[in-house]
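# Observations on the three-dimensional arrangement
Chain residues, written in single-letter form:
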Amino acid sequence: MDMNQYLEVFIEESREHLQNVNDQLMRFEKNTDDLGYVNEIFRSAHTLKGMSATMGFDDLAQLTHKMENVLEAVRNHQIDAHTEVLDALFQSVDALEIIVQSISEGGDGQLDVKFLVQKLQRIVAEEPSAEHAASSIEYDEFVQTLLSQTADQGFNTFEITVQLERTCLLKAARAYMVFDVLEQAGDVIKSAPTVQDIEQEKFESSFIVILVTTESQEKLHASIMEVSEVESVKIAAVPIKKEAETEEPVSQEAAAMQEVTVSAPSKPPVEEKRQASNNKTIRVNIDRLDSLMNLFEELVIDRGRLEQISKELNNSELDETVERMSRISGDLQTIILNMRMVPVETVFNRFPRMVRQLSKDLGKQIELQIVGADTELDRTVIDEIGDPLVHLLRNAVDHGIEMPQVRLKNGKNEKGTIRLKAYHSGNHVFIDLEDDGAGINREKILQKALNRGIIDGKTAETLTDKQVYELIFASGFSTAEQISDVSGRGVGLDVVKNTIESLGGSVTIDSNEGYGSRFSIQLPLTLSIISALLVQMSEERYALPLSSIIETAIVQPKEVMHVHGQKVIDFRGAIIPLIDLKELFTVPNSVQGDHYSVVIVKKGEKTAGLIVDSFIGQQEIVLKSLGHYLPGVFAISGATILGDGQVALIIDCNALIK
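What you see is a predicted model; the values in this text were computed from it and never measured.

Rules and cut-offs
Residues numbered from 1 in each chain as written. Predicted model: local features only at pLDDT ≥ 70, side-chain atom pairs only at ≥ 80, totals over all residues. Heavy atoms only, no water. Helix = DSSP H or I, 4+ residues; strand = E, 2+ residues; numbered from the N terminus. Buried < 20%, exposed > 50% of the residue type's maximum accessible area, 1.4 Å probe, protein only. Contact = heavy atoms within 4.5 Å. Patch = residues over 30% accessible without salt bridge, like charges linked within 9 Å, V, L, I, M, F, W, Y side chains within 5 Å. Areas by Shrake-Rupley, 256 points an atom, 1.4 Å probe, with all protein chains shown as cover. Salt bridge = Lys/Arg side-chain N within 4 Å of Asp/Glu carboxyl O. Core = buried A, V, L, I, M, F, W, Y, C linked by side-chain atoms within 4.5 Å.

## Re the side chain of histidine 17
Positionally, histidine 17 belongs in helix H1 (residues 7-30). On the accessibility criterion, histidine 17 (19% relative accessible area) is buried. Those residues in contact with histidine 17, other than ones at most four positions away along the chain, are Ser44, Thr47 and Met51.

Here it is as structure tokens:
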């Protein structure tokens, strides 16, 4: 059978199971008395082992099998879940992730896992007794269904545990003789270890066989004991689940392509079936969604052109049709954008492991709290924010949280806390990273900036605290005294700022020295289609994202004041600066009228007024890759083709507000 057709499903499911193992291991480490986490880890590892063996990835299957042995020993209270055990399991998960990543990139899934296998084997070093071996055999859904059918036909099913003498030299040969006896009496359904392992003597001195037969227990016992060097035989009837009690097996492919939510038992069967059908889902390749979005972007552009033509022709029937099409395409737009929304959980999930490892390497005690992991962002944004968050977390772990003895000396809990929070606000998503560490030392930042020539002495005297904090985003800036594996080379935070701004977002810093810092990232919900206000300046058109606009206003010249050479107005009791876009963009043939048309925009807590010639109206616009950043204090973040074929430049309001 060609297994390549299932490869994509296998990779996706493997990643899900590995993420679940990671999450449950982190929870189990905090509460090693709760074996429910171990059972959950065991189920994921067992499923992954079966999938890997089916697909022919032996290294993956072998390592997960050894993990199962350790987990089995933990949940049977044969070994304690101490640090060495947990570290070995975490290292094994890392290796499994490397293998799965290799497979996803077209590799063969091979990795030298001998060291990890030996490490896991040493943890479970004690030789299993026959009783323990008997309890370790598993009955999957397929075997249960088969045994149920044989029981209906009058056959007996026995679990036979054979213990060979400790002095037996040819274990494989003796096992073969036992199998020969059993196969004459009935059909061998399963064995533990597998037949291949038994033939290669990969077992201690006992093995288990599941036999379907019409023979009695007494006759089987006598026949097996006739084989030389057999020390003991235990035979027990296997309890058979009726088909009605057996869960319906779901194939790997079906599980990947369909998720069913089961209703509460109190609901009638008809309602259960209806609810399940309403929650059916399928996996769709992201390339198909991208193609769908590209086609819809073209539709939005043509919709704008059609609306423009409809206004010019002034035909009532055409107006009605265009209006209906606009409404339907608007609903379609909402559905498509929602399809592209992904929870930030997909990014956040990898951080607990990273923080755990970094805190161990640095000798610190750190707790990572995650809030709002179900907050959704456009997939394009999700793909880009992972690296910036990694840099911020590493910075918080290394520079923010102090060593335990220092924290105790300062009256703090020896365990530091880092809080990662995501939430919606308007048309933006905010991601806050807050720690209760040492905070930012203003004087240390200033001194480093002066030494590196980033600012001069005169400028340093005029900077506010927030402006000083923003100096750490300068390229090559670092306050580390020595270079380590974690930080010190001056790379990282400049990447954060550049990446976030390239997404149309912003990042701000608040800090209280001695008590901690907070990095706040503001991101747009989507980078594909946005609502904007079109404005006119002479013969040119510009688009301002509605997400940045508070309101529009008409301002009389007498209301404009000048402070230090800057135009300002009194906006609802607050003095805000005015930015004349005509002067900023050097718009030709621009003439000042008898009033100012002002767009009030906001970035975080800062507000400004943008002076334009006139307002055109609101329009859905497509962010095309025509954009580029211009030097200076402002930026053009993109362009769109309007209904009449003209191009409007999209102004990045965040870059305008200082």
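Now that the structure has been shown, we can carry on.
## Observations concerning a nonpolar patch on the surface
A contiguous nonpolar surface patch, about 250 Å² in accessible area, is contributed by Leu292, Ile335 and Met339. Position of leucine 292 relative to the elements: it lies in helix H13 (residues 286-313). With relative accessibility at 33%, the residue leucine 292 sits in the partly exposed group.

## Some details on the nonpolar core
Grouped together as the largest cluster of nonpolar side chains are 48 residues, with contacts concentrated most on Phe348, Phe351, Ile385, Ile418, Ile431 and Leu523. It is helix H17 (residues 379-400) that contributes the most residues to this core, 9 residues altogether. With residues near it in sequence (within four places) discarded, isoleucine 385 still touches Val347, Leu377, Ile431, Leu503 and Leu523. If you look at the next biggest cluster of nonpolar residues, it comprises 40 residues, including Val21, Phe57, Ile99 and Ile123.

## Structural notes on the environment of serine 548
Relative to the helices and strands, serine 548 is located in the loop between strand S13 (540-545) and strand S14 (549-555). On the accessibility criterion, serine 548 (8% relative accessible area) is buried. Along the primary structure serine 548 and valine 599 are separated by 51 residues, whereas in three dimensions their C-alpha atoms are 9.9 Å apart. Discounting residues that sit within four places of it in the chain, serine 548 has contacts with Ile600, Val601, Lys602 and Cys653.

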